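# Summary of the model geometry
Chain by chain, the residues:
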Amino acid sequence: ASSLSTAVYLGVNANFNTISGSTMTSASPDNSGNVAVLTLTGASSNTITASVITANGQMRGLSLINASHGNTIDVSTISNVIGGNNSCVYLSGSSSNTFSGGYFYHSNYHAVTFQAAGNYNRISVSSMITNGSSGGTPGAAGLRIDGSNDNAIAQSVMRGIEHGAVINNVNG
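Overview of the structure. (Residues numbered from 1 in each chain as written. Predicted model: local features only at pLDDT ≥ 70, side-chain atom pairs only at ≥ 80, totals over all residues. Heavy atoms only, no water.)

### Remarks on the pattern of salt bridges
A full pass over the atoms with the stated rule returns one salt bridge. Of the charged contacts, one joins D146 and R144 as a salt bridge, the two residues approaching to 3.0 Å between their closest N and O atoms. Classification of R144 by relative accessible area gives buried; the value is 15%. (Salt bridge = Lys/Arg side-chain N within 4 Å of Asp/Glu carboxyl O. Buried < 20%, exposed > 50% of the residue type's maximum accessible area, 1.4 Å probe, protein only.)

### Observations concerning the packing of aromatic side chains
Summed over the entire model, instances satisfying the criterion amount to three aromatic pairs. Look at F99 and F104: their rings are 6.0 Å apart centre to centre, the planes differ by 90°, and that puts the pair in the edge-to-face class. Each member of the pair, F99 as well as F104, carries the same accessibility label: buried. Judged by centre distance (6.5 Å) and plane angle (5°), the rings of Y103 and Y105 are stacked. Using a relative accessible area of 37% as the deciding quantity, one classes Y103 as partly exposed. (Phe/Tyr/Trp six-rings, centres within 6.5 Å; stacked < 30°, edge-to-face > 60°.)

### Some points on the nonpolar core
Of all hydrophobic cores here, the largest spans 29 residues; its most connected members are L38, L62, I78, F99, F104 and V112. Mapped by element, the contributors of at least two residues to this core are strand 4 (36-41), strand 6 (52-55), strand 7 (60-65), strand 10 (89-92), strand 13 (112-115) and strand 16 (141-146). If you tally residues by element for this core, the top one is strand 4, at three residues. When sequence neighbours within four positions are dropped, the list of residues in contact with I78 reads I53, G61, L62, I73, C88, V89, Y103, F104 and Y105. (Core = buried A, V, L, I, M, F, W, Y, C linked by side-chain atoms within 4.5 Å. Helix = DSSP H or I, 4+ residues; strand = E, 2+ residues; numbered from the N terminus. Contact = heavy atoms within 4.5 Å.)

As far as function goes, none of this settles anything; it's purely spatial.
Okay, here's the thing in structure tokens:
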């Protein structure tokens with residue numbers, strides 16, 4: 001655990017690591033909106049299992065960015081309970097990641113976002129929930145997919161005050 005912004009950072013070529021049964025949190029919210037409690041950037045084939053990640057304010061709970069491919073997030077809880085306008089789970093330019101048995105919650109904004117070529121990802125047996133009403137377009141959603149193709153969602157709950165799911169600019 002960390003009292004600073006990022007608790008865990010896996011950078012380029014930080015591959016084949018396992019984080020299991022861990023709690024990651026940030027007590028001081030980052031207001032830039034570009035920081036996550038757990039960040040994977042260019043990191044592939046990692047496993048996060050049975051863990052709890054809690055973000056505050058503008059922070060993301062988990063970011064999978066810049067070609068972070070083939071990671072597994074299994075039976076974990078990722079939440080932002082203090083608000084902010086950044087998704088709790090954010091995936092951009094990263095493909096073939098698997099989320100299973102997860103609980104993803106944001107009090108104010110999208111629980112999960114896939115965007116900018118976040119392709120071939122899979123979410124199963126998971127809950128994506130927001131209590132937020134962002135007031136913007138498209139409005140807060142449990143799941144938002146934008147500009148990302150061929151993703152699969154199975155046996156999962158997507159719930160929000162405004163939308164359960166918002167899907168834009170998608171083929172397949």
